[in-house]
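Single-letter residue listing:
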Amino acid sequence: MAVAPDTAAKLVHQIFDLQRAVRCVAAVKLRGEDTGVALQGVLRFVGEGESRATALAERLGVSAPVLSRHIAELEDQGYVVRRPDPLDGRAQLIALSPPGVAKLRSIEDQRAATLLGFLQDWSEQDVEETTKTLQKLAESLRTSARATTAGSTNTTEIV
């Protein structure tokens, strides 16, 4: 079942609108926070489990120096810890510290509460259907991006 070019263009437009709306909501809610959107994104991915910085940078689609700056800032704030990788002493593993776990939980709770407030006119079914559609879209994009970049020297994954 193919998608028409005009339909794909409409979807692209809606995705950009959604990104702008999310940034606007985040900007309002981040005033006074010690972690901005970028650091919160890194915190979320680190919270998925201990990993090497190189793998984390690849998943986030950022360069190693950019990730290194974010990790250093989160480490200075006490939210992440580094330890040598037991399989390769030259590499480091990054994980959330206990305060980092609490911070991530707080961020996610605040985001959920904010979204709940903004979706007062939505039904439970509306949210479930939207969630399912967004999950399907994200997985399709990740799968396609992996297939497109397979074999190339730059294997940045869409997250």
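Residues numbered from 1 in each chain as written. Predicted model: local features only at pLDDT ≥ 70, side-chain atom pairs only at ≥ 80, totals over all residues. Heavy atoms only, no water.

S.K.: I'd like a description of the overall build of the chain, backed by residues and values.
M.R.: Regarding its fold elements, the chain presents six helices and three strands. Starting at the N terminus, the α and β elements of the chain follow one another as α-α-β-α-α-β-β-α-α. The long-range fraction of contacts in the chain, counting pairs at least 24 apart against all pairs at least 6 apart in sequence, stands at 51%. Surface exposure of the chain reaches about 11100 Å², of which carbon and sulfur atoms provide 59%. (Helix = DSSP H or I, 4+ residues; strand = E, 2+ residues; numbered from the N terminus. Contact = heavy atoms within 4.5 Å. Areas by Shrake-Rupley, 256 points an atom, 1.4 Å probe, with all protein chains shown as cover.)

S.K.: Residue-level account of the nonpolar core, with values.
M.R.: Leu43, Val46, Ile71 and Val80 are the most contacted members of the largest nonpolar core, which totals 17 residues. Elements with a minimum of two residues in this core: helix H2 (37–46), helix H3 (53–60), helix H4 (64–76), strand E3 (88–96) and helix H5 (98–118). A total of five residues in this core trace back to one element, the largest contributor, which is H2. Other than its neighbours up to four places away in sequence, Ile71 contacts Val42, Val46, Leu56, Val80, Arg82 and Ile94. (Core = buried A, V, L, I, M, F, W, Y, C linked by side-chain atoms within 4.5 Å. Buried < 20%, exposed > 50% of the residue type's maximum accessible area, 1.4 Å probe, protein only.)

S.K.: An account of the pattern of salt bridges is needed here, citing residue identities and associated values.
M.R.: Taken as a whole, this structure holds eight salt bridges when the rule is applied. The residue Asp88 makes a salt bridge to Arg90 at a minimum N-O spacing of 3.0 Å. Since its relative accessible area comes to 17%, Asp88 is described here as buried. You can call Arg90 exposed: its relative accessible area is 77%. Taken together, the shared-partner salt bridges in this structure form one network comprising Arg52, Asp85, Asp88 and Arg90. (Salt bridge = Lys/Arg side-chain N within 4 Å of Asp/Glu carboxyl O.)

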